[in-house]
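Structural overview for review
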Amino acid sequence: MTIRVLVADDQALIRAGLVALFTAAPGFEVVGEAADGEQAVAAAARTSPDVILMDIRMPVLDGIGATRAILAAHRDEPPRIIVLTTFDLPEYVYTALGEGASGFLVKDTPPDRIISAVRTIHAGDILVAPHITHRLIETYAQHHRATAVGAPQLAALTARETEVLRLVGNGLTNGQIAQRLVLSEATVKTHVKRTMGKLGLSSRAQAVVVAYETGLIVPTAHRDRNG
């Protein structure tokens, strides 16, 4: 299966480098590129990519706004979005994950890891490299739990779906959840799909954010302080 990739970055050199990387890599097709967020939204509508590499800071419309617009326009089969950044901007990254981005990478990530990340995201898994993803979510969830607008309510979930969300929030894969709950992996996939559908989520990373913001998972630092 060929993975269709869209590259959005306002820096021409970085954009060209990513385009060249995926053009040369087997199993990938670059279907478009964009120099700002508005171009990214238009290109996504025109090309229906599987994965979008989205710069978080771009003119006209930034990566967060573009992510929000693209996912809103592709609710049935949304593309996977990986946020790219050269800056230490955890608040921006956290917000992007909350909007539905599937993960993030810094721009100096080695080419082989970028390729691996896109394959991981395309498979529907959360991007756990770099490993600070979960720590970042823990750090910001405490604040956003009190200030988030319209945070999804867990009341619509069954007990099993709530447990699955908690395990997804802890970073477990479908296979690991299946082992933990003594279920088939196909059944777990069904639970995950139903849970994300009920909560209006588009990525596993977004599910992690929700699990923390709703208090389903207590951040590590909070647990340590309270024994």
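The rules we used
- Residues numbered from 1 in each chain as written.
- Predicted model: local features only at pLDDT ≥ 70, side-chain atom pairs only at ≥ 80, totals over all residues.
- Heavy atoms only, no water.
- pLDDT = per-residue confidence, 0-100.
- Contact = heavy atoms within 4.5 Å.
- Helix = DSSP H or I, 4+ residues; strand = E, 2+ residues; numbered from the N terminus.
- Salt bridge = Lys/Arg side-chain N within 4 Å of Asp/Glu carboxyl O.
- Buried < 20%, exposed > 50% of the residue type's maximum accessible area, 1.4 Å probe, protein only.
- Core = buried A, V, L, I, M, F, W, Y, C linked by side-chain atoms within 4.5 Å.

This part covers the confidence of the model for the protein. For residues with low pLDDT, the predicted coordinates do not support detailed interpretation. Averaged over all residues, the pLDDT of the protein equals 84, while 83% of them reach at least 70. Every residue in residues 146–151 scores below 50 in pLDDT, and together they form one contact with partners more than four places removed in sequence or on other chains. Ignoring residues within four places in sequence, the model shows residues 222–227, a span with pLDDT below 50, making four contacts including any to other chains.

This brings us to the side chain of Asp9. Residue position: Asp9 is located in the loop between strand 1 (3–8) and helix 1 (12–24). Once residues within four sequence positions are removed from consideration, Asp9 is found in contact with Ile14, Arg15, Ala34, Ala35, Asp55, Met58 and Lys107.

Applying the stated criterion to the full structure yields seven salt bridges. Between Glu99 and Arg68 there is a salt bridge, with its nearest N and O atoms 3.1 Å apart. Residue Glu99 is found in helix 4 (residues 90–99), and its partner Arg68 is found in helix 3 (residues 63–73); the two are separated by 31 residues along the sequence. The exposure class assigned to Glu99 is partly exposed, which follows from its relative accessible area of 25%. A salt bridge links Glu163 to Arg166, with the nearest nitrogen and oxygen atoms 2.5 Å apart. In this pair, Glu163 and Arg166 are both assigned in helix 7 (residues 159–169), three residues apart and thus about one turn of the helix distant. Given the relative accessible area of 24%, Glu163 is considered partly exposed. The network of salt bridges with shared partners includes Asp9, Asp55 and Lys107.

Moving on to the nonpolar core. Core analysis: the biggest nonpolar cluster contains 24 residues, and Ile52, Met54 and Ile81 have the highest contact counts within it. Of all the secondary-structure elements, those providing two or more residues to this core are strand 1, helix 2 (37–47), strand 3 (51–55), helix 3, strand 4 (80–85), helix 4 and helix 10 (204–213). Among all residues touching Met54, those that are not within four sequence positions of it are Ala8, Ala40, Gly63, Ala66, Thr67, Ile70, Ile81, Ile82, Val83 and Leu84. Ranked by size, the runner-up nonpolar core spans 21 residues in total, among them Leu154, Val168, Val208 and Ile217.

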